[in-house]
Amino acid sequence: MSVKILDKNTIVKQNSDGFTPLIIGDPATIFSARAARLRELAKDSFMADYLLVAGQIVQLQAQLAEDFAAPVAQFVQTHELAWPLTLNSDWFPLLEQMLAQLSTSLRLVASDDIVKIIDAINELDSDTLHHYFTALQHNQSERVPADLAIILFACINTFTSLMVKTTALEWQPEPNVKQHTCPLCGGAPAASMIKGSGHRYLHCSQCEAEWHRLRAECTQCADGENIQLQSETLEDAVRAETCGHCHSYLKILFLEKQPNLDPIADDLATLVLDQKLSQSELYRNGFNPFLLPLMQ
Ligand SMILES: [Zn+2]
Ligand SMILES: [Zn+2]
């Protein structure tokens, strides 16, 4: 993969206007804000119950991110990391510890349906559990039962976002390379984010990093001729950017219209748009773990 990953100390800053091709946020802050956004969206949604369940899981991810910041920092110091990050057996002990803590905390607040999912995960033998973790990190969610995936992916998501935050890398795109998947972890984008500056970033569903992509071109195939924005109304802050060339789409979030939009929460809460687009035989090229049980 022709991706330059550079250490902060070695990169020469070329942009004086503050523009950076890569944004890395703080995982605990991102998860707390996402959980709050899910609760807010639930107040006025036909799928309120599910948004609240997602909010419970994400709120516990915020706690995991705080509790595991030091162990992950130690992991990063003592392991040779390859970029983009690729799960190997070294990851399993920490992932299993995260899963144990998440399961215990979730059991105290969750509905019977979620408790059944936790029980099913507890019954997995370790080979199957490792197989599921690996499939999710490799963007192969179809190999994992969807209801189990929402909890297992929460651990992968927390772990990779802490690793990325800890290593504090910078990244510069290669000329003429269109980066569809995350340069840091290989994860699929959750959505496009149009920042107040007007720049477009793709938000990684797995490690929460954001990387720059030019606007008005398909994030999947880079075609610029057949792009359309579709939404329920023209004022919508969340739309779908559709491509008539590769017949895919990705949600696009306009933060200048609404600053507290979240790529996972707002993508999930605009499921009606996905249902409409599926009738046009367009496929999603983004990833959202919480949509897996709904789109099977
Ligand atoms: Zn990533
Ligand atoms: Zn395309």
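What you see is a predicted model, and the numbers here were worked out from it, not measured in a lab. (Residues numbered from 1 in each chain as written. Chains lettered and ligands numbered in written order. Predicted model: local features only at pLDDT ≥ 70, side-chain atom pairs only at ≥ 80, totals over all residues.)

Structural notes on the overall build of the protein
- When helices and strands are tallied, the protein shows nine helices and 10 strands.
- Taking the principal axes of its C-alpha atoms as reference, the protein extends roughly 50 × 50 × 30 Å.
- Evaluated residue by residue, the protein yields a buried proportion of 39% over its 296 residues.
- Considering only residue pairs separated by 6 or more positions, the protein has 64% of its internal contacts joining residues 24 or more positions apart. (Helix = DSSP H or I, 4+ residues; strand = E, 2+ residues; numbered from the N terminus. Buried ≥ 20, exposed ≤ 12 C-beta atoms within 10 Å, placed from the backbone. Contact = placed C-beta atoms within 7 Å.)

Topic: the UniProt feature "domain: FdhE central" (unreviewed entry) in the protein
- Under the local residue numbering, the UniProt record ascribes the feature "domain: FdhE central" (unreviewed entry) to residues 181-215.
- As a span, residues 181-215 carries 0% helix and 40% strand, and end to end its C-alpha atoms are 16 Å apart. (UniProt positions renumbered as here; feature names shortened; annotations may be inferred.)

Side note on the packing of helix α3 (residues 69-78) against helix α7 (residues 146-167)
- Relative to each other, α3 and α7 sit at 65 degrees, their axes nearing to 9 Å. Between α3 and α7 lies a crossing whose hand is right-handed. Judged by residue contacts, Ala69, Val72, Ala73 and Val76 of α3 engage Phe159, Leu162, Met163, Thr166 and Thr167 from α7.
- Its residues assigned to classes, the contact of α3 with α7 comprises seven nonpolar, two polar and no charged. (Axes fitted to C-alpha atoms, helices over the stretch in contact; angles between N-to-C directions. Left-handed = near helix turned anticlockwise from the far one by under 90°. Nonpolar A, V, L, I, M, F, W, Y, C, P; charged D, E, K, R; others polar.)

Re the packing of helix α2 (residues 48-67) against α7
- Orientation of α2 relative to α7, taken along the N-to-C sense of each, is 35 degrees, at an axis distance of 10 Å. Crossing of α2 over α7 shows right-handed handedness. On α7, the residues touching Ile57, Gln61, Leu64 and Ala65 of α2 are Ile150, Ile151, Ala154, Asn157, Thr158 and Leu162.
- Split by residue class, the contact of α2 with α7 holds seven nonpolar, three polar and no charged.

Comments concerning the domain arrangement of the protein
- For the protein, the assigned domains read domain 1 (27-167) and domain 2 (181-291).
- On a C-alpha basis, the centroid separation for the pair domain 1 and domain 2 is 22 Å.
- Mapped onto the side of domain 1 that touches domain 2, the elements with two or more residues apiece are α1 (27-42), α2 and α7.
- The class makeup of the residues in the side of domain 1 that touches domain 2 is 16 nonpolar, six polar and two charged. (Domains from an automatic or database assignment.)

Concerning the pairing of strand β8 (residues 238-243)
- Among the six residues of β8, six are classified as buried, and the element is accordingly described as predominantly covered.
- Going residue by residue along β8, you find Val238, Ala240 and Thr242 tucked away on one face and Arg239, Glu241 and Cys243 tucked away on the opposite face as well.
- Across four bridges, strand β7 (residues 227-230) lies against β8 in antiparallel orientation. Residue pairing for β8: Leu229 is matched across the bridge by Glu241.
- Here β8 folds back onto strand β9 (residues 248-254), and the loop between the two strands holds four residues, one of which, His247, carries a positive phi near 60 degrees. (Pairing = 2+ DSSP bridges.)

As for the pairing of strand β5 (residues 200-204)
- The element β5 is largely enclosed, with a buried count of five among its five residues.
- Burial along β5 is two-sided: the face carrying Arg200, Leu202 and Cys204 and the face carrying Tyr201 and His203 are both buried.
- Here strand β4 (residues 189-194) pairs with β5 via five bridges, running antiparallel. Bridge pairing links Met193 to Tyr201 in β5.
- Between β4 and β5, which follow one another and run antiparallel, lie five residues, and Gly198 among them has a positive phi close to 95 degrees.
- Pairing between β5 and strand β6 (residues 210-212): three bridges, direction antiparallel. Within β6, the residue paired with Tyr201 across the bridge is His212.
- Where β5 hands over to β6, the hairpin turn is made up of five residues, of which Glu208 adopts a positive phi near 70 degrees.

Structural notes on the nonpolar core
- If you look at the biggest cluster of nonpolar residues, it comprises 74 residues, and the most contacted ones within it are Ile57, Leu102, Leu152 and Ala209.
- Shared between two domains, this core takes at least three residues from each, and those domains are domain 1 (27-167) and domain 2 (181-291).
- Leaving out residues up to four positions away in the same chain, Ile57 has contacts with Leu106, Ile150, Ile151 and Ala154. (Core = buried A, V, L, I, M, F, W, Y, C linked by C-beta atoms within 7 Å.)

Notes on the environment of Asn157
- Within the secondary structure, Asn157 is located in helix α7.
- Here Asn157 falls in the buried class, since 30 other C-beta atoms lie within 10 Å of it.
- Along the backbone, Asn157 and Gln61 are 96 residues apart, and their C-alpha atoms lie at a distance of 8.7 Å.
- Those residues within four positions of Asn157 in sequence are excluded, and the remaining contacts are Gln61 and Gln206.

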